[in-house]
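Close look at the chain arrangement
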Amino acid sequence: MPSSIVSELAEIVGAAHVLTDPDTTARYTTDWTGRWHGRATAVVRPADTVEVARVLEVCHRAGVAVVPQGGNTGLVGGSIPMHGEIVLSVTRLDRIEDPDPVGHTLAAGAGVTVARAQDAAREAGLIFGIDLAARDSATLGGIVATNAGGVRVIKYGDTRAQLLGVEAVLSDGTVLTRWKALRKDNAGYHLPGLLAGSEGTLGVVTRVLMKLHVPPSHSYCALVGVRTVGAAPALVDLLRRAGLTIEAAELMTDAGMRLVRRHRALRAPLRIEPPYYLLVEVSGPADTEGLLLGALERASDLVLDATVDDERGRRLWSYRDSHTEAINAASSTPPVKLDITTPLAAVESFVDTLTHTLATEFPHARPILFGHIADGNVHVNLLDVEPGQALPVTGRVFELVAAHEGSISAEHGIGRSKAPWIHLARSAVDIEVMKAIRSGVDPTLTLNPHILPAR
Ligand SMILES: Cc1cc2nc3c(=O)[nH]c(=O)nc-3n(C[C@H](O)[C@H](O)[C@H](O)COP(=O)(O)OP(=O)(O)OC[C@H]3O[C@@H](n4cnc5c(N)ncnc54)[C@H](O)[C@@H]3O)c2cc1C
């Protein structure tokens, strides 16, 4: 790497925003799980789109690879430079424009966190439709780049479904702007949709235009103890048929609940300790509470015990929100985090087969499962996995996912950690088309060259 590049970058963004000292760059070169530790020639922190474009122009000309980074909360190692790349951090692109109260949109810089976008929407009497436990750090550029899901997908769809417009800088510094607050616009390829989920390989997202939503007038939350995994989607179905809108539906296990209670010193939420818990938030007309209680009573064959909370149930949500943190704290090794999805009808069989396979083939791995159950999405967390066992156990879990017609990545992307298994999720033709798109947009492989299929 030419040493002059650091001074060229400093001329663009200011010396204070080119970090090279390993102590200062450490938080940009280690991922949230602690599994990926890399090294960067420099971390560059541009202030706006013009500076991002100039940084990329310089790196492209010098043949230097760039890893875009937002909040560095990604869980597949995609934001970590493992080969001395330049990290391009977008966190200074943090301007929120006024939400449009008529068109229900929010325009903001890629470095704005999800939590700030949620606050801005709330102040305008609206809802930002993406919510995840990493909300205080994850950025809008990051959620677009990973096509993040989270707990509200069931109601509002994933990030791609809510993305109206995008501004992104291509690898050579060209700025691509697709920016129209239109709900319908079929003039050619949907490039914002293509950038969503591209994991920093097609462009650096600098600005996003997202849909906002009208909040429900009445919503309630229930935490329900159930005997089987299959009881959870069955109950969600019953609640829908009772005339309720499902705002979120999360599955947790007894083992996960115990971990969280210990970690956060929380009381047991129910009178019993059931094998599985369904946290469900519903909305509807003025008698939503009555509809919810009535439906739970009628479903006595599925419901072992239940508690109901209003005001969006923050007390009940804390059990779910604390899972990732409690898992990280409880594992003696960096947890193996596999975020998978299967067809809804296959979730119970997948979980049963997985539990049996792990117990017989990897008895030391401690599984904690939770997830967005109505989307068929299970977060498989394996604690205490010895470093040498991480790859074999991952491969085995993914084989089971493929056997259940599922996907090895429900929402976190492929990044580094899932790259060896992409053939289980995509056909050879599919992978060739992805490579063709990538080499058309970034022929020199300047952007995140070491993740996703390249050549
Ligand atoms: C506690 C916790 C809970 C989580 N829950 C969920 C969940 O429910 N659902 C879910 O989907 N994810 C979840 N995640 C994963 C993570 O928060 C998301 O993937 C999030 O979208 C990452 O955003 P980020 O800004 O941190 O991106 P980063 O981690 O910085 O980057 C992620 C990827 O996007 C690329 N990238 C980042 N910014 C840009 C940009 N501006 N332009 C181009 N490429 C870019 C990076 O190169 C990398 O490949 C969770 C993570 C944690 C730690």
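Going by the structure above, here's the rest.
An account of the accompanying structure is given in this report. Predicted, not measured: the structure shown is a model, and the values here were computed from it.

1. What about the pairing of strand 7 (residues 163–169)?
Among the seven residues of strand 7, seven are classified as buried, and the element is accordingly described as predominantly covered. Bridge analysis of strand 7 against strand 8 (residues 175–178) gives four bridges, and the strand direction is antiparallel. When the sheet's bridge partners are listed, Glu-167 is paired in strand 8 with Thr-177. With antiparallel pairing between neighbouring strands as the criterion, strand 7 and strand 8 make up a hairpin whose turn holds five residues, including Gly-173 at a positive phi of roughly 100°.

2. With respect to unusual backbone geometry
In the Ramachandran plot, Glu-199 falls in the positive-phi region, its phi being about 55° despite a non-glycine side chain. Counting through the fold element by element, Glu-199 comes out in the loop between helix 8 (191–195) and strand 9 (204–213). Residue Glu-199 is classed as buried on the basis of its relative accessible area, which comes to 11%. You will see that Ala-265, though not glycine, has its phi angle at about 50°, which is positive. Checked against the element boundaries, Ala-265 lands in the loop between helix 10 (254–264) and strand 12 (276–284). What makes Ala-265 exposed here is its relative accessible area of 69%.

3. Remarks on the environment of Val-64
Following the sequence through the fold, Val-64 ends up in the loop between helix 3 (49–62) and strand 3 (66–69). Residues Val-64 and Ile-5 lie 59 residues apart in sequence; the distance between their C-alpha atoms is 9.0 Å.

4. Section: the environment of Arg-178
Position of Arg-178 relative to the elements: it lies in strand 8. Separated by 12 residues in sequence, Arg-178 and Val-166 place their C-alpha atoms 5.4 Å apart. Excluding anything up to four places from it in sequence, Arg-178 contacts Gly-165, Val-166, Tyr-189, His-190, Leu-191 and Pro-192.

5. Brief notes about the nonpolar core
For soluble globular proteins, the rule of thumb is that nonpolar side chains tend to be buried together. Leu-235, Leu-278, Phe-350, Val-380 and Leu-382 are the most contacted members of the largest nonpolar core, which totals 55 residues. Take this core: its biggest share by element is six residues, from helix 15 (residues 390–403). Both domain 3 (218–321) and domain 4 (331–410 + 419–428) contribute no fewer than three residues apiece to this core. Not counting residues up to four positions away in its chain, the partners in contact with Leu-382 are Pro-335, Val-336, Leu-338, Leu-358, Arg-366, Pro-367, Val-393 and Val-397. Formed by 49 residues, the second largest nonpolar core is a distinct cluster that contains Val-13, Leu-56, Val-64 and Leu-132.

Parameters at a glance
Residues numbered from 1 in each chain as written. Predicted model: local features only at pLDDT ≥ 70, side-chain atom pairs only at ≥ 80, totals over all residues. Heavy atoms only, no water. Buried < 20%, exposed > 50% of the residue type's maximum accessible area, 1.4 Å probe, protein only. Helix = DSSP H or I, 4+ residues; strand = E, 2+ residues; numbered from the N terminus. Pairing = 2+ DSSP bridges. Contact = heavy atoms within 4.5 Å. Core = buried A, V, L, I, M, F, W, Y, C linked by side-chain atoms within 4.5 Å. Domains from an automatic or database assignment.

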